[in-house]
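If you want the building blocks of each chain, they are given just below.
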Amino acid sequence: MRFSVFYGAALVLLVAGLRELLTGSEENRCSMTYMYEYPEYRRVTLPRRVSRLYPAYGLYLYGEGLYAQETRALKLSGAPVLFLPGNAGSYKQARSLGSVALRKAESLDGGVHLNVFTVDFNEELVALYGGSLRKQTLFLHECIKAVLRLYKGQERPPRSVVLVGHSMGGVVARALFTLPRFSPPLVSLILTQASPHLAPVLALDTHLLGFYSAVRERWVRHADSLANVTVLSVGGGYRDYQVRSGLTTLPCSPGDPNKLSLVATAVPRTWVSTDHLSIVWCKELVLATVRAFFDLIDPETNQFTDCVVRRMEVLHHHFIRHPVRMLDETPEAPLPLPDSPEAWNEVNALRLAYSAPKEGQAKYFLFALSSRRKAYSHFYCRSNNMEMSSWVYGCVQKTGSMCVRAVDLSRGTELLPPYKVLVLSLSDLSSVSHLVVAASNLNGKQFTVECEWQRQEAQTVSVSVPHVLSFGLTSSDVTVNSSGLLHTVELEHFHQVYQSFRITVTSHCKVQKDRMANVYRMKVPWFREDFLTTASVPSVTEISGMLHTSRPGNTSSALLQLHTAPNCQYKVLVRTSFPRVMGQVLRFCGPQLPVYMAVTLLLACGGQLWSIARTGKPLEASQAVGWGLQPHKVGLPVYLLHLLLGCSQFQEAWSALGLPAMDALPPTAPDHSTLEGGPVDEWPHLLGPLLYLLGATLAFWGSALLRLSLALLSLAAAPLTRPSVAPDCGTLGRRRQALLLLVLSIVGGTSCGAVAIFSAFLIHLYRVVRLQMAERSLSHMLNLAPEKNNGGEENGAGTGAAPPGVYRQRNGGGALLSEGLLHQVKSDLQLHLSLSALFTLAIMLSAPSLLHWARNLRYSPRLDPDSLWPHTLPLLAAMVLLIDCSCHALSHSKLLRVVCHLPLPLCVAMVTFSPLHLYRLTYFLSAALVPLADSSWWQMNFIRPIHSWLRLFPLTLLRCSVDVPQCWEGACHHGWLFLWIHPSPSADV
């Protein structure tokens, strides 16, 4: 009961974190993209060799309506774009990109359009099974060559293809450059959506990690040869709980200008967080992508430009900083001057607030710089006039009250949701005498312009954030008396991903009037993960203070920018949100929980073995799992290893032994190497015990759910199976064990190793179900059996025979049910329930291979490559041999004491080497189960038969001395081998 209460409280903690992870972010504000006509996917015929090598894959051209009819013969003239689906993704996900591109082309002249192709990867689970990634990369190479062959008849055919990869499709796109026969000029631009470039989400096999290592080797250590390849990676934000945005950062050499990583919340005119699937169809993001693609087309060739500088200008324009002006507008266009001097107004005040009237008029404001350079550092201006035109200029020649010649300063404009903003540093305007703000509304459109001079130091305040373990009981606050339009709050010591805060901004104005909306912006200096919130005045607004990446160096902390209304007061309150802290822990460290589940279950099994060695019977399964939480025994050795590895001599000895690097907690810095491990991130020391607690909670309630499921299954199977109360019900025997192991080994080698493991798991579950049925039958019979009186007579209706299959005790002629038999069945059941939990974890780790094999069974009966075979052959042998394992045999095993000492060092090794390499858990489980199976099998098939034969040998000699011919005839007929294989449990032979 105490374990249920403790793990119940831990489950509440876990559920709070899961709830925050799954539903704690903003609601889905993405607009849906719709097809105006029925979508069609025209299959592109590939060479026969390619079709034979990759029968499950395909290449399609997307089309709608008239365009689909015109391209039936695959005579194309547009710019090729190739979409790559991700993990379990469909090639039909390209319809959003293709449909918006068609609508965009209809509004343009000159026949400029895109040909959107899409690849069918058979919806493979490549994020979990890495064996197909190499094959997908090779097929993608063939698709690119096939696409370019379709344009051979053109006067100016395309020389490259733009790739758009979703999820693992983006990783496959970058893997193209690892192929020895791939020509890099075939791909000039790669745009990835929610692709885990930094590291895999779950490292479940060696092929997945090997694939990532090869890609990283090519892009980081040989970056010079890929300098002309432009890559843009877009993360989904906090709504994407499958691939956290920190993993979407591109591992590349420092200072590479052609590799950009950002989050969708920071993309201009998007500003929304997307989940893992909606990032493909989110209209705001698809529009930004399509606009960028059309701006990348060279008007002379109607194909994508080969100029690297042009590509970066376009991507910066649409994804980094939108200046609210046309991309190709001349930066220093001459200022059209009005005819009358009444259009010019010189502003001598510190702040300008102007609202354009309904009547159209020309209006220009002049701000003199000479009197402001010493007192102020910046000039801030904003306007909700969203026309794509220049609006702020620097005057270099002034005549009277008018500016004769000016340079355009609007390129630094930044688009925010309600208005555009421009911040100019006065130190950069040495050649300018006046600033000119154009506020003309010749079309009669109404808008507002607000400008002011600023001292940036005076408008920046700092507040120290509360400690992460304050649990929201303490808070930090700062009050800003808004004398300006822009304020910056520096959140000191806020630079780690495990920190999470609830930031409340309260605005209050003494005078109630119409004002421009406030914009609160969470800005992270080391990564483009800005998050914007729009609020009215007055209001109370709550902002989630969380990070996608940790600070990589000694850069500044996170900032909160407040675009405020003048003459208003703002109070910023920062309080730790513990549910969000738990959500961040699960977001970053959730993939490590299987390690601590395995540690808990293995220590539970070790506890049962110690109980068998000392008392002859195991603990209850729930009690054993409850005692599996022992962080002091596991965490302390791991911590000591971390300390020792800080010593160079110990590191040399570690390397000399050939041991792999220790797995640290997951990396969080945007430019950190992950595949080799290494503790460089500032994770707190309490995080390890916390993960252990969460993993033990999952193990406790997961094993409880498994026991409940098996109990219900035994109830359902009871009417279908003849009940048996023998303790060996469901066992195989030595001959059938050998035959089963041989058959499963052949099946695993010829088809899939996961099939063999899953088959052995099902047979073991049958053994557990039979034990549960036997326990229930024995308990029922024991309740119905009559009791003996002192004289040996039964208190009931005479002497009756025990049910079939039940041993009887002869005592005064009464028939009593053996309670020892019931205890033996219960003991075996508790042991096998713990083993079933361990086997279930092994099955979960091998499930991706099994699913991949089942999905591709019609193409090939064998999984190639199979990451589980033959490495899991020892685990398979242990699972088969442990089917017949019994507590009675283990209690008499001489090897049991040795086996009992194995779980703890193996658990320490798990935590040391498995957090970033989950596939190693199978190896450690094999190392624990094989000695256990060996001790049990040796005791049951050798030691126990010899002991029984030695016990029966004197009685056999006595009988032979009385009747030698009969004894010799029986020995020859049955053979002494019968006594060795089938020893009788009783002495009455």
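Reading guide: rules and limits
Residues numbered from 1 in each chain as written. Predicted model: local features only at pLDDT ≥ 70, side-chain atom pairs only at ≥ 80, totals over all residues. Heavy atoms only, no water. pLDDT = per-residue confidence, 0-100. Helix = DSSP H or I, 4+ residues; strand = E, 2+ residues; numbered from the N terminus. Phe/Tyr/Trp six-rings, centres within 6.5 Å; stacked < 30°, edge-to-face > 60°. Buried < 20%, exposed > 50% of the residue type's maximum accessible area, 1.4 Å probe, protein only. Lys NZ or Arg CZ within 6 Å of the ring centre and 35° of its normal. Axes fitted to C-alpha atoms, helices over the stretch in contact; angles between N-to-C directions. Parallel < 35°, antiparallel > 145°, perpendicular 65-115°, else oblique. Left-handed = near helix turned anticlockwise from the far one by under 90°. Contact = heavy atoms within 4.5 Å. Expected span 1.5 Å × (residues − 1). Arc of directions from axis to C-beta. Core = buried A, V, L, I, M, F, W, Y, C linked by side-chain atoms within 4.5 Å.

Structural notes on the confidence of the model for the protein
Link 1 in the chain: The predicted model of the protein averages 86 in pLDDT, with 88% of residues at 70 or higher.
Link 2 in the chain: For the protein, per-element mean pLDDT is lowest for helix H26 (residues 976–981), which scores 37, and highest for strand E5 (residues 161–166), which scores 97.

Brief notes about the packing of aromatic side chains
Link 1 in the chain: For the coordinates displayed, the defined rule picks out 27 aromatic pairs.
Link 2 in the chain: Geometrically, the ring pair formed by Tyr 596 and Tyr 692 is tilted, given 5.8 Å between the ring centres and 40° between the ring planes. Here the residue Tyr 596 occupies a position in helix H12 (residues 593–615), and Tyr 692 occupies one in helix H16 (residues 687–717), the gap between them amounting to 96 residues. For the pair Tyr 596 and Tyr 692, one class covers both residues: buried.
Link 3 in the chain: Site record: aromatic cluster; members linked through ring pairs are Phe 6, Tyr 7, Phe 700 and Trp 701.
Link 4 in the chain: The aromatic ring of Tyr 419 is capped on one face by Arg 382, whose charged end is 5.1 Å from the ring centroid.

Details of the packing of helix H6 (residues 168–175) against helix H7 (residues 206–220)
Relative placement of two packed helices is described by the angle separating their axes and the distance separating the axes.
Link 1 in the chain: Close contact between H6 and H7 brings their axes to 9 Å; oriented N to C, the two are set at 50°. Comparing the axis directions of H6 and H7 gives the class oblique. Of the two elements, H6 crosses H7, and the hand of that crossing is left-handed. Where H6 approaches H7, its residues Met 168, Val 171, Val 172, Arg 174 and Ala 175 are matched on the opposing element by Leu 208, Phe 211, Tyr 212, Val 215 and Trp 219.

As for helix H17 (residues 734–750)
Link 1 in the chain: Over its 17 residues, H17 extends 24 Å from the first C-alpha to the last, a length consistent with the 24 Å expected when each residue adds 1.5 Å.
Link 2 in the chain: For H17, the set of buried residues is Gln 737, Leu 740, Leu 744 and Gly 748. Each buried residue of H17 sits inside an arc of 65° when the element is viewed along its axis, so together they form one side. Those residues of H17 that are exposed and aimed more than 90 degrees away from the buried face are Arg 735, Leu 739 and Leu 742.

Considerations on the nonpolar core
Link 1 in the chain: If you look at the biggest cluster of nonpolar residues, it comprises 135 residues, and the most contacted ones within it are Leu 491, Ile 503, Leu 560, Val 572 and Met 910.
Link 2 in the chain: Residues in contact with Leu 491, not counting those within four places in the same chain, are Val 463, Val 465, Ile 503, Met 522, Ser 557, Ala 558 and Val 574.
Link 3 in the chain: Counting residues in each nonpolar core, the second largest holds 98 residues, with Val 44, Leu 97, Val 290 and Phe 304 among its members.

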